[in-house]
Amino acid sequence: MARSRAQSAIRNPLTRIFGVDSNVAVLRELVRHGGYLSSSTVQSRSGLSKSSVRLGLISLEQTGIVITEGTPFTKLHRFIIVDKLNATIRLENRPIAELFIPMKW
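Residues numbered from 1 in each chain as written. Predicted model: local features only at pLDDT ≥ 70, side-chain atom pairs only at ≥ 80, totals over all residues. Heavy atoms only, no water.

## A word on the overall build of the chain
Applicable threshold: Numbering of helices and strands starts at the N terminus; helices are DSSP runs of H or I of at least 4 residues and strands are runs of E of at least 2. Each residue is assigned to one of three classes by its accessible area relative to the maximum for its type, calculated with a 1.4 Å probe on protein chains only: buried under 20%, partly exposed between the two thresholds, exposed over 50%. Two residues qualify as a contact provided that any one of their heavy atoms is within 4.5 Å of a heavy atom in the partner residue. Per-residue accessibility takes into account occlusion by the displayed protein chains alone, with areas from the Shrake-Rupley method and a 1.4 Å probe.
Helix and strand counts for the chain stand at 5 helices and 2 strands. Counted from the first residue to the last, the chain has its helices and strands arranged as α-α-α-α-β-β-α. Within the span of the chain, comprising 105 residues, buried residues form 31% of the whole. Counting contacts in the chain only where the partners sit at least 6 residues apart, residues at least 24 apart contribute 47% of the total. Put simply, the chain shows about 7,000 Å² of open surface, and 56% of that area lies on carbon and sulfur atoms.

What follows is the structure, encoded as structure tokens:
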């Protein structure tokens, strides 16, 4: 799946790293919640289609940063590196001027 819109690597570093908007949207919802979520809850919170959420969860699980537990009929998903990426997601929402350290000459 291609990116839906042009994005700055400075403003949205996670999209640059994970490469697909839907993967990042799924990841953001799991990180924001901090616990286990069903795919239907991720779908409703992210606004993505059911197939985009499913493919995103599969991709993120294959990278080892999301775990899935439960039965074949009731699966819950959780991001397992919450603390490290939570700060990065918060930085994306800050004004761009705050992302740079002023240089002293």
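## Overview of the layout of surface pockets
Filter applied, for reference: In the cavity and pocket records, a cavity denotes points on a 1 Å grid over the protein atoms alone where a 1.4 Å probe fits but cannot get out, a pocket denotes an open set with protein on both sides within 12 Å along at least 5 of 7 lines, and lining residues are residues with an atom within 4 Å of a point. Grid points are joined across faces, edges and corners, and a volume is the space filled by probe spheres set on the points. Charged means Asp, Glu, Lys or Arg here, nonpolar means Ala, Val, Leu, Ile, Met, Phe, Trp, Tyr, Cys or Pro, and polar covers whatever is left, Gly included.
Of the pockets and cavities examined, the largest pocket occupies roughly 360 Å³. Around the largest pocket, the lining is made up of 17 residues, and of these Ser39, Arg54, Leu57, Lys75 and His77 lie nearest the centre. Those elements that provide at least two residues to the lining of the largest pocket are helix 3 (39-46), helix 4 (50-63) and strand 2 (75-79). Per-element tally for the lining of the largest pocket: the top contributor is helix 4, with 7 residues. Among the residues forming the lining of the largest pocket, the class breakdown is 5 nonpolar, 8 polar and 4 charged.

## Quick look at the pairing of strand 2
In plain terms, the rule: Criterion used throughout: strands pair if DSSP finds at least two bridges between them.
Relative to strand 2, strand 1 (residues 66-70) runs antiparallel, the two sharing 5 bridges. Looking at the pairing, Thr68 lines up with His77 of strand 2. In this antiparallel pair of consecutive strands, strand 1 and strand 2, the connection spans 4 residues.

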